[in-house]
Amino acid sequence: MVSKEVLKKIGVFAVAAMVAASPVLAVNANGGIPLGRSGGSGESGEQVTVPPAPIVTPGGTPDTVPTPTPTPVSTPAPTAVPTEAPEESRPVNNSVVTMADGKEVISTVPGEYTALCVEGVAVTTPFSAVKAAFGAGPGDDVSMYSVDTQHGALAAASIRDGLGILAANQVEAVQGPILDIGGFLNGKKMVDINKPIVITLGIPASFRQAGYEYAVIRVQEGGKVSILVNQSQDPSMLSVETDGFGVFAIVKAPAGSFDVFRK
């Protein structure tokens, strides 16, 4: 029979063995046991990683709980959004006039047609006839241009003179869009040409009016003023014959008002 003294010694040895097999536990000031976190930092600012606590199985060796491997999260690449060029940077080629029935009148003469105050500018005279009107030879270069007007005080005064001429002929005209139209022969600016050519302008929808007709006050260098009457019957455009270039101011008046200026 084992005595109580021997049993006590056996119990002490068992407790000592268990303590030796257990990890060291740091006891804080209030008697609790702090548990570190993987990725946490100590008081010195250093990174501290606490290994997982071992699992002791009866009669075996301590097993370590495997640390779960985080699943990587893939971030989708941003989708590129196509951008359009700014409106002001796009090239302008306003050399087509659309008729009321939807048909298009395209300029026969190459050039820079950038005027936006009207709905297109087109030379409708055949190109060969335009070259003859310019006095161009087989190898000569002929081109046209139209731009929103850049006229100065003299041209503005001449437009007022044109309105005065109309008023003197009992024509109460309303002034509309103004643009510059010109031509070049081998890079040289032309003011007058040998024969008239036909230029068609698209009348802005905001300026069209039922029961009215249209004309152009043409102002050339030196303040020369001419009244050019519309030759077209299409309500969406006006066509004028011109033997020179400069500032073109569109005007309108009640139907029949411009008859006195017709040839």
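Look a little higher up for the structure.
Residues numbered from 1 in each chain as written. Predicted model: local features only at pLDDT ≥ 70, side-chain atom pairs only at ≥ 80, totals over all residues. Heavy atoms only, no water.

Asker: Describe the overall build of the protein, naming the residues involved and giving the relevant values.
Answerer: When helices and strands are counted, the protein shows 3 helices and 16 strands. Taken over 263 residues, the protein has a buried fraction of 31%. Taking all contacts inside the protein whose residues are at least 6 apart in sequence as the whole, residues at least 24 apart take part in 68%. Only carbon and sulfur atoms are counted for the fraction: they give 59% of the accessible area of the protein, which is about 16,900 Å². (Helix = DSSP H or I, 4+ residues; strand = E, 2+ residues; numbered from the N terminus. Buried < 20%, exposed > 50% of the residue type's maximum accessible area, 1.4 Å probe, protein only. Contact = heavy atoms within 4.5 Å. Areas by Shrake-Rupley, 256 points an atom, 1.4 Å probe, with all protein chains shown as cover.)

Asker: Residues and numbers for helix H2 (residues 127-134), please.
Answerer: Buried residues of H2: Val130, Lys131, Ala133 and Phe134, and no others. The buried side chains of H2 occupy one side of the element, clustering within an arc of 160 degrees when seen end-on. Where H2 is buried, its residues meet strand E8 (121-123), strand E9 (142-148), strand E10 (174-185), strand E11 (188-190) and strand E12 (192-202). At the C-terminal side of H2, Gly135 shows a positive phi close to 75 degrees. (Arc of directions from axis to C-beta.)

Asker: Run through the sheet that holds E8, naming residues and quoting values.
Answerer: Backbone-to-backbone hydrogen bonds pair the strands of a sheet. The strands run either parallel or antiparallel. On the basis of which strands lie adjacent, the open sheet formed by 3 strands has the order E8-E12-E15 and antiparallel pairing. Strands at the two margins of the open sheet, each flanked by one partner only, are E8 and strand E15 (237-244). Pairs of neighbouring strands in the sheet enclose a mean axial angle of 30 degrees, with direction left out of account. Across 3 bridges, the pairing between E8 and E12 is antiparallel. Residue Val123 lies in a different strand from E12, and its bridge partner there is Ile199. Against the sheet, H2 touches E8 and E12, its axis set at about 135 degrees to E12. (Pairing = 2+ DSSP bridges. Axes fitted to C-alpha atoms, helices over the stretch in contact; angles between N-to-C directions.)

Asker: I'd love a proper account of the pattern of salt bridges, names of residues and values included.
Answerer: Under the definition given, this model contains 4 salt bridges. Residues Arg208 and Glu119 are paired through a salt bridge, measuring 3.1 Å at the closest nitrogen-oxygen approach. Here the residue Arg208 occupies a position in the loop between E12 and strand E13 (212-220), and Glu119 occupies one in the loop between strand E7 (111-113) and E8, the gap between them amounting to 89 residues. The class for Glu119 is partly exposed, based on a relative accessible area of 39%. (Salt bridge = Lys/Arg side-chain N within 4 Å of Asp/Glu carboxyl O.)

Asker: Before we move on, can you summarise the packing of aromatic side chains with the specific residues and values?
Answerer: Taken as a whole and assessed by the stated rule, the structure comprises 3 aromatic pairs. For the pair Phe134 and Phe245, a centre-to-centre distance of 5.9 Å together with 35 degrees between the ring planes defines the contact as tilted. Here Phe134, found in helix H2, pairs with Phe245, found in the loop between E15 and strand E16 (246-254); they are 111 residues apart in sequence, far enough to count as distant. When its relative accessible area of 3% is taken as the criterion, Phe134 is described as buried. Residue class for Phe245 comes out buried when judged on its relative accessible area of 3%. Aromatic side chains Phe207 and Tyr214 sit 6.2 Å apart centroid to centroid with 50 degrees between the ring planes, which places their arrangement in the tilted category. A relative accessible area of 6% means that Tyr214 is categorised as buried. Over the ring of Phe207 we find Lys252; its NZ or CZ atom is 4.4 Å from the centre of that ring. (Phe/Tyr/Trp six-rings, centres within 6.5 Å; stacked < 30°, edge-to-face > 60°. Lys NZ or Arg CZ within 6 Å of the ring centre and 35° of its normal.)

Asker: Before we move on, can you summarise the side chain of Ser232 with the specific residues and values?
Answerer: Along the chain, Ser232 falls in the loop between strand E14 (224-229) and E15. We classify Ser232 as buried; its relative accessible area is 14%. Among residues more than four places away in sequence, those in contact with Ser232 are Met237, Leu238 and Ser239.

Asker: Any chance you could break down the environment of Ser206 for me, citing the residues and the numbers?
Answerer: Mapped onto the elements of the fold, Ser206 is located in the loop between E12 and E13. On the basis of relative accessible area, Ser206 is assigned to the exposed category, the value being 73%. Through-space distance from the C-alpha of Ser206 to that of Gly176 is 9.7 Å; in sequence the pair is 30 residues apart.

Asker: Please give an account of the nonpolar core that cites residues and values.
Answerer: Core analysis: the largest hydrophobic core is formed by 30 residues, its most contacted members being Phe134, Met144, Ile181, Ile199, Leu201 and Phe245. In terms of residue count, E12 provides more of this core than any other element does, 4 residues in total. Setting aside anything within four residues of it in sequence, one finds Phe245 in contact with Phe134, Met144, Ile181, Gly182, Gly183, Met190, Val191, Ile193, Ile197, Ile199 and Gln220. Residues Val229, Val247, Ala249 and Val251 belong to the second largest nonpolar core, which totals 15 residues. (Core = buried A, V, L, I, M, F, W, Y, C linked by side-chain atoms within 4.5 Å.)

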